[in-house]
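As a plain string of letters, each chain reads:
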Amino acid sequence: MAVTTLTERGDLSRAARSFMRTESGSAVLLLTAAVIALIWANLGTGYEDFWHTELSFRLGDAALTYDLRHWINDGLMVLFFFSVGLEISREMVLGELRGVRALATPALAALGGLTVPAGLFLLFNAGGEAAGAWGIPISTDTAIVIGMLALIGPRCPDQLRVFLLALAIVDDIGAVAAIAFFYTDNVQFTALAVAGVLFLALLALRYVQFWRTPIYVLIAVVMWLAVLRSGVHPSVVGVALGLLVNAYAPRPRDIARVQVLGSSFIVDPSPERALAAQTAVTEAVSPNERLQLRIQPWSSYVIVPIFVLANAGVVLTAATLAAAIASPLFWGIVVGLTVGKLIGVTLGTWVALRTGIGRVPDTLRWGQIVGGAGLAGIGFTVALFITDLALKDPVLVNDAKIGILTGSILAGVIGWLIFRLAGERGGQCAPSGLPVLPPRPWRPPVEA
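The shown structure was predicted, so the numbers you read here are calculated from the model rather than taken from an experiment.

Colleague: Any details on the pattern of salt bridges? Residues and values, ideally.
Modeller: All chains considered together, the criterion is met by four salt bridges. A salt bridge links Lys 341 to Asp 171; the shortest N-O distance between them is 2.8 Å. Within this pair, whereas Lys 341 is found in helix 14 (residues 328-355), its partner Asp 171 is found in helix 6 (residues 158-182), the two being separated by 170 residues in sequence. Classification of Asp 171 by relative accessible area gives buried; the value is 0%. For Arg 251, the salt bridge identified is with Asp 254, shortest N-O distance 2.8 Å.

Okay, here's the thing in structure tokens:
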């Protein structure tokens, strides 16, 4: 494998550590929400009725009416995808996606992890009524994978976590592209053109460095409404907006300004000088990182668990399980997640290293990479999301959800077994060895 420098070995930046802490804790809540949804759907009453309750917003004769599930999937989840866009932008400027060789390996691994599962799914479903659902097994659930890595412990070094995080980001780009291009029907081009004009307006505001949050929020809401009306899924709005937000490392002149204004406040602690010092400290950190600090906990701690609670409920009876096992849709998803991801990610990594166009940290071994490839088959959040877009028949939706649950559980077991049998012992995944809950989003984080 390629030998890299200390920086290239994948030492974690402050932003990456913060992201991983939140994602690891999110896995606990996500799995809890999934269990509650399953219990509610099978032992409780009114699961589907509740999520089909309509909620309307009306202004005069204009009204926007959807059921609760659609408000979550088409509304709240835009903030989740906005967080994804922020992370993509930051990693390309400051993180693990800088430079061609640093990007090549996770990019090719993600490409393999997108195409091989889709191909295996179509082997079971080509020409069938569920053929269009090939996007279900292509995406990796970052939160659960990072949580699993923390549980695996000493067989999972930080460098593998960084590699899989970079892979998951490229994987997210592919999943969002699939949603935008393949799961959009009846496009209304007038509304789409309005959204395009608004996006250009945001680009212009960024170009002139005009940063006023209320203006951006207003344009973003109107853009979301336009894309919603156009027929394109509004998740693309979230990613597009996230990519627009500047990311940069603190600049020396900004640090010097903080020192000058901070010293000025110490000499004369007036409200005016306090405001000036506070403004200087805020502006020293990029808007991308400031937004990520505020939005990521809400996304991981609130939005994604609510989404899972609203979408993971599936009726598990002898009849539904028998129907699922007999369904090619079920087997396409299970094989895609367990076999497709393992082969695709491993093959993509091998090609990048074999051709020399990519590199991985020199502390990683093939046992760890293959174990990580096995865990990459844990597909949950985006898999459920695409299920809602790709399938309308309730029976097929039920088969797909059972396939997602089964495939994700098996992928976790396969990854764990690979680490047990072939993963070399190395650095810790997390100091505690266990995932922790993220800071509550309504309270500011406390730095250790």
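Colleague: I'd like a rundown of the pairing of strand 2 (residues 62-67), residues and numbers included.
Modeller: Bridge count between strand 1 (residues 54-59) and strand 2: six bridges; the pairing is antiparallel. Across the sheet, Leu 59 pairs through a bridge with Ala 62, a residue of strand 2. The antiparallel hairpin formed by strand 1 and strand 2 contains two residues in its connecting segment, where Gly 60 sits at a positive phi of about 65°.

Colleague: Describe in detail the side chain of Thr 338, supporting the description with residues and values.
Modeller: Among the structural elements, Thr 338 can be located in helix 14. Residue class for Thr 338 comes out buried when judged on its relative accessible area of 8%. At 2.7 Å, the side chain of Thr 338 forms a polar contact with the backbone oxygen of Val 334. Residues in contact with Thr 338, not counting those within four places in the same chain, are Gly 407, Leu 410, Ala 411 and Ile 414.

Colleague: Explain the environment of Arg 90 to me, using residue names and the numbers behind them.
Modeller: Within the secondary structure, Arg 90 sits in helix 3 (residues 68-93). Along the chain, Arg 90 and Asn 246 lie 156 residues apart, while their C-alpha atoms are 8.0 Å from each other.

Colleague: How would you summarise helix 17 (residues 394-422) if you had to cite specific residues and measurements?
Modeller: Along an α-helix, a turn takes 3.6 residues, which lines up residues three or four apart on a common side. For helix 17, built from 29 residues, the straight-helix expectation of 42 Å at 1.5 Å per residue is met to within 8% by its first-to-last C-alpha distance of 41 Å. In this structure Asp 393 caps helix 17, since a side-chain oxygen of it lies 2.9 Å from the backbone nitrogen of Val 395.

Colleague: So, the packing of helix 7 (residues 189-207) against helix 8 (residues 213-230): which residues are in play, and what are the values?
Modeller: To characterise two packed helices, one gives the angle between the axes of the helices and the distance between these axes. Where helix 7 contacts helix 8, the axes come no closer than 8 Å and their chain directions differ by 155°. Relative to helix 8, helix 7 is oriented roughly antiparallel. Relative to helix 8, the crossing made by helix 7 is left-handed. Of the residues in helix 8, those touching helix 7 at Ala 191, Leu 192, Val 194, Ala 195, Leu 198, Phe 199, Leu 202, Leu 205 and Arg 206 are Ile 215, Tyr 216, Ile 219, Val 222, Met 223, Ala 226, Val 227, Arg 229 and Ser 230. Within the contact of helix 7 with helix 8, the residues separate by chemical class into 15 nonpolar, one polar and two charged.

Colleague: A description of a nonpolar patch on the surface should follow, citing residues and the corresponding values.
Modeller: On the surface, Val 339, Ile 343, Leu 347, Trp 350, Val 351 and Trp 366 cluster together into a nonpolar patch covering about 510 Å² of accessible area. Ranked by the residues each element gives to the nonpolar patch, the list is headed by helix 14, at five residues. Note on placement: Trp 366 falls in helix 15 (residues 366-375).

Colleague: Help me get a handle on empty space enclosed by the protein, residues and values and all.
Modeller: All told, the structure shown has two cavities of 30 Å³ or more when counted by the stated rule. In this structure, the second largest cavity encloses a volume near 60 Å³. Around the second largest cavity, the lining residues are Thr 140, Thr 142, Val 145, Ile 146, Arg 161, Leu 164, Leu 165, Leu 167, Ala 168 and Ala 376. Contributions of two or more residues to the lining of the second largest cavity are made by helix 5 (142-152) and helix 6.

Conventions we followed
Residues numbered from 1 in each chain as written. Predicted model: local features only at pLDDT ≥ 70, side-chain atom pairs only at ≥ 80, totals over all residues. Heavy atoms only, no water. Salt bridge = Lys/Arg side-chain N within 4 Å of Asp/Glu carboxyl O. Helix = DSSP H or I, 4+ residues; strand = E, 2+ residues; numbered from the N terminus. Buried < 20%, exposed > 50% of the residue type's maximum accessible area, 1.4 Å probe, protein only. Pairing = 2+ DSSP bridges. Polar contact = N/O pair within 3.5 Å; in protein donor to acceptor, adjacent residues only side chain to side chain. Contact = heavy atoms within 4.5 Å. Expected span 1.5 Å × (residues − 1). Axes fitted to C-alpha atoms, helices over the stretch in contact; angles between N-to-C directions. Parallel < 35°, antiparallel > 145°, perpendicular 65-115°, else oblique. Left-handed = near helix turned anticlockwise from the far one by under 90°. Nonpolar A, V, L, I, M, F, W, Y, C, P; charged D, E, K, R; others polar. Patch = residues over 30% accessible without salt bridge, like charges linked within 9 Å, V, L, I, M, F, W, Y side chains within 5 Å. Areas by Shrake-Rupley, 256 points an atom, 1.4 Å probe, with all protein chains shown as cover. 1 Å grid on protein atoms, 1.4 Å probe; cavity = no way out; pocket = protein on both sides within 12 Å on 5 of 7 lines; lining within 4 Å. Points joined across faces, edges and corners; volume = space filled by probe spheres on them.

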